[in-house]
Amino acid sequence: MTPPDLSELPERLSRLHELALDLSWTWSPGREVFRRLDYQLWKRTHHNPVLMLRQMASAVLERAANDAAFLAVYDRALLAMDATRVTAVGHARTFWHSQVKTATDEVVAYFSAEFALHQSLPIYADGLGVLAGDHCKEASDLGIPFVGVGFMYPQGYFRQRVSPDGWQQEVYEHLNWEDAPIQKAQTRDRKPCVVAVPLGTRTVLVQVWQVRLGRVRLLLLDTNLEANQPWDRELTARLYGGGQDTRLQQEIVLGLGGVLALRALGLSPAVWHLNEGHAAFVVLQRLRDMHASGTSWEEALVEVRRTTVFTTHTPVPAGHDAFPFHLVEQQLASCWGSMGAERDDFLALGTYDNGAGSQFNMTALAMRSAGAINAVSQLHGVVTREMFEPLWPDLAVDDRPVGAITNGVHVPTWIGRDLGELFDRHLGAQWKDRYDDPAFWAGVLDIPDGELWAVRQTMREHLFRFVRERARVRFTEEDAGAARVVAGGAMLDPHALTIGFARRFTGYKRPDLIFRDPDRLATLINNPRRPVQLVFAGKAHPADEAGKHHLQNIYRHALDPRFGGRVTFVDDYDLLVAHFLVQGCDVWLNNPRKPLEASGTSGMKAAMNGVPHLSIGDGWWAEGYTGDNGWLIDGGVTGDDLAAVDAADADALYRLLEDEIVPKFYDRSARGVPERWLSVVKQSILTVTPRFSTRRMVKDYIERAYAPAFRRPIGSNR
Ligand SMILES: *Cc1c(COP(=O)(O)O)cnc(C)c1O
């Protein structure tokens, strides 16, 4: 795709478009280029350089082309981008090439229904997508031959608005392709890449887009082609939209279409990584291919298992897609003809009874076809081994083949700019290369408290400016009344202890737990000398009525004067909002019903920004809490009486706030610095950053899942 106004770029800045179209700018010096180029436009476009370049006045570009300081930043960004090109010298110095080494041109293919790379590409809903996006970014940094496969949803997930009485409204907007950092993928003979996927008794054409991400490419599938029937064109319109039938068809497109797209582009994966069961039909296409070339069922399955990696993401049963057999039979109708008796063998791979009768279960399919299976935290590993007992009825729980690779987050993406500069000054610029080395981070203890506190204050102020600007925009655009402007954060105090809670609104995450005793909370919040404020954000899944009621409940508290304007709901949670929140709050709250939070990652992002975690010992916190790097909420009550569990957990939460957190935060030295508080902040940064980085995580995947498949003899059928 040729950007429309390419010709208007000054000669000296002729590669600006190329930079804008490679999303590695988001965590490299490229970020500074676009930020400096036109700061107002940068903010107005929500940091979207592709859109910026379409709207930018040529005078601005001319000025930049003659500004030596700007050009130095620009040249540095180009150097960084060029170093990620395969032909570059820097490529040979990556972790993969220096430590793992494969002599082949094979790749890891990573399939996911969502990828969260940047807010300008709204093809994600929540944590699953953020994990996939961060995994790809780290794969680029480590130099893994890696390609992501997902969907280009033109309407994305949805944008969230909240009605005056707190009810979530879902707004679907059509993405303007030209404003997004995507290009059409081209085959080797420079033709647009289009593949034909059998669906029901028809064929659907799938167009392939690509996103560049440093050393990594992402392929995004799209059925919105004129040659398709109107209903097929809509198939990939929305993420998690539509009913079961749509979902099944999407998953067939992802699995079958994804394999076909890789082949059409001449890519030969050595490893097929399925991120969640949505992508498990990859297995079907590979089995079909091997069947067609005469490989026996048994041999084909051995080969598939040798090369398939599966990551499961939730212990909540409804999070595992399962379809009635008649639907699967119907939608895969044109696949069966070629498979003969193998059809029943294939259906058997997915057959699973999760308590509601036998169905075709995508997680079961993936688990029965993968050689390496992992959960996303150590505790989630334990829960998953118990939960899927029917798959391995003869194996003792500890022998079931489900490992655990705890999630992480991409450090350069999530560390705030001001904090990163503080690290540059005190730890040296090499922190960016060494952030998975726990010993290295001991240096944080030597950062002067006063400097760290000044940075923490600045980061909180950035959050407040962002929240207030959003409240102002809603006031003007939606004619929001005074109460709604307050609920949106207009009265926040930039110096008060600020607790953040941002995640999907759904029952097991208990978003309103902290309101269980409103009087006790109001006393805490309204303490005139030690005020506390709460900032909430998050979407409820469009079909989750209960989740929307939780959201409404929070919103009503935000409107309630008894909380003094100190309870806030920021609408339309996305990557941009997440950045401000995880960097700008003081404490990050997480209170799920244990053990339903598989991992959680927002708390990791916060903790490495010096925002200590206040959480139930679930997910990653069960292994991340050290005793002095945050706080553990433990009501001491377990069992089926959920009201009793909630009451005990809420009480434990209040006690931590009253006895520990608020006093520590407001206990200031003669110079106004909260020293005891900063000791927790430092422990939070230095314990969480290395262990819960994607660098540690992806190295674990390489060692335990990818490298073994690369090193074994290469089969003839791939
Ligand atoms: C990190 C992130 C998530 C996931 O956070 P959890 O702690 O797993 O809920 C969801 N949405 C966005 C926008 C994020 O940045």
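Heads up: these notes are all about the structure in this document. (Residues numbered from 1 in each chain as written. Predicted model: local features only at pLDDT ≥ 70, side-chain atom pairs only at ≥ 80, totals over all residues. Heavy atoms only, no water.)

A look at the packing of aromatic side chains
One pass over the full model with this rule turns up 34 aromatic pairs. Ring geometry for Trp-25 against Trp-42: centres 5.9 Å apart, planes inclined by 65°, an arrangement best described as edge-to-face. With Trp-25 in the loop between α1 (16-20) and α2 (30-37) and Trp-42 in helix α3 (residues 39-44), the pair connects residues that are 17 residues apart, well separated along the chain. The buried category is assigned to Trp-25, whose relative accessible area is 1%. An aromatic cluster of at least three residues, connected via ring pairs, comprises Phe-281, Phe-325, Trp-336, Phe-346 and Phe-360. Arg-343 extends its terminal NZ or CZ atom over the ring of Trp-336, reaching a point 5.6 Å from the ring centre. (Phe/Tyr/Trp six-rings, centres within 6.5 Å; stacked < 30°, edge-to-face > 60°. Helix = DSSP H or I, 4+ residues; strand = E, 2+ residues; numbered from the N terminus. Buried < 20%, exposed > 50% of the residue type's maximum accessible area, 1.4 Å probe, protein only. Lys NZ or Arg CZ within 6 Å of the ring centre and 35° of its normal.)

As for the nonpolar core
Membership of the largest hydrophobic core comes to 142 residues, with the highest contact counts inside it found for Leu-16, Phe-34, Phe-111, Phe-281, Phe-346 and Tyr-706. Sorting elements by how many residues they give to this core places helix α29 (residues 694-711) first, with nine residues. The two domains that each donate at least three residues to this core are domain 1 (6-83) and domain 2 (104-407 + 700-710). Beyond its immediate stretch of four places on either side in the chain, Phe-34 contacts Leu-16, Leu-19, Ala-20, Trp-25, Trp-42, Pro-49 and Met-52. Counting 96 residues, the second largest nonpolar core, distinct from the first, contains Val-570, Leu-576, Val-587 and Tyr-654. (Core = buried A, V, L, I, M, F, W, Y, C linked by side-chain atoms within 4.5 Å. Domains from an automatic or database assignment. Contact = heavy atoms within 4.5 Å.)

Points about the pattern of salt bridges
Overall, the coordinates contain 46 salt bridges when judged by the stated rule. Its salt-bridge partner being Asp-649, residue Arg-510 comes within 2.8 Å of it at the nearest N-O pair. Note that Arg-510 is positioned in the loop between β16 (497-502) and α22 (518-525) and Asp-649 in helix α27 (residues 642-666), a separation of 139 residues in sequence. Ionic pairing is found between Glu-658 and Arg-520, a salt bridge with its closest N-O pair at 2.9 Å. Placement of Glu-658 in helix α27 and of Arg-520 in helix α22 is noted, with a sequence separation of 138 residues between them. Owing to a relative accessible area of 28%, Glu-658 belongs among the partly exposed residues under this scheme. Connected through salt bridges with shared partners, the residues Arg-161, Arg-470, Arg-474, Glu-478, Arg-484 and Asp-571 form a single ionic network. (Salt bridge = Lys/Arg side-chain N within 4 Å of Asp/Glu carboxyl O.)

Here we look at the site of the ligand
The environment of the ligand is made up of 14 residues, and the closest members are Ala-578, Gly-600, Thr-601, Ser-602 and Lys-605. A distance of 3.2 Å separates an oxygen atom of the ligand from a polar atom in the backbone of Thr-601. The contact in question runs from an oxygen atom of the ligand to an N or O atom on the side chain of Lys-605, over 2.6 Å. Compared with its free state, where it exposes 390 Å², the ligand has 95% of that area covered by protein. Looking at the shell around the ligand, the elements that each hand over two or more residues are α8 (127-142), α24 (575-584) and α25 (602-608). Across the shell around the ligand, the residue classes tally to five nonpolar, four polar and five charged. (Near = heavy atom within 4 Å. Polar contact = N/O pair within 3.5 Å; in protein donor to acceptor, adjacent residues only side chain to side chain. Areas by Shrake-Rupley, 256 points an atom, 1.4 Å probe, with all protein chains shown as cover. Nonpolar A, V, L, I, M, F, W, Y, C, P; charged D, E, K, R; others polar.)

Let's talk about the sheet that holds strand β21 (residues 630-633)
Strand order in this open sheet of six strands is β18-β17-β16-β19-β20-β21, and the pairing throughout is parallel. The sheet is open, and its two borders are formed by β18 (567-570) and β21, each paired with just one other strand. Averaged over all pairs of adjacent strands, the angle between their axes in this sheet comes to 20°, without regard to strand direction. As paired strands, strand β19 (residues 587-590) and strand β20 (residues 613-616) are joined by three bridges and run parallel to one another. Opposite Trp-588, over in β20, you have His-613 as the bridge partner. (Pairing = 2+ DSSP bridges. Axes fitted to C-alpha atoms, helices over the stretch in contact; angles between N-to-C directions.)

Focus on the environment of Trp-677
Relative to the assigned elements, Trp-677 resides in helix α28 (residues 675-691). Placed 12 residues apart in sequence, Trp-677 and Phe-665 show a C-alpha to C-alpha distance of 5.4 Å. Apart from residues lying up to four places away in sequence, Trp-677 is in contact with Trp-453, Leu-497, Asp-586, Val-587, Pro-612, Trp-631, Ile-661, Lys-664 and Phe-665.

A look at the side chain of Ser-24
Within the fold, Ser-24 resides in the loop between α1 and α2. For Ser-24, a relative accessible area of 7% translates into the label buried. Excluding residues within four positions of it along the chain, Ser-24 makes contact with Arg-212, Leu-213 and Gly-214.

A word on the sheet that holds strand β13 (residues 358-361)
Reading across the sheet, the three strands line up as β11-β13-β12 and stay open at both edges, with antiparallel pairing between neighbours. With partners counted over all chains shown, the strands left at the sheet margins are β11 (322-323) and β12 (351-353), one partner each. Where β12 meets β13, three bridges bridge the pair, whose relative direction is antiparallel. If you follow Thr-351 over to β13, its bridge partner there is Phe-360. The strands touched by helix α16 (residues 362-369) within the sheet are β11, β12 and β13, with β13 carrying the most contacts at an inclination of about 65°.

None of the figures reported here should be taken as evidence of function without further support.
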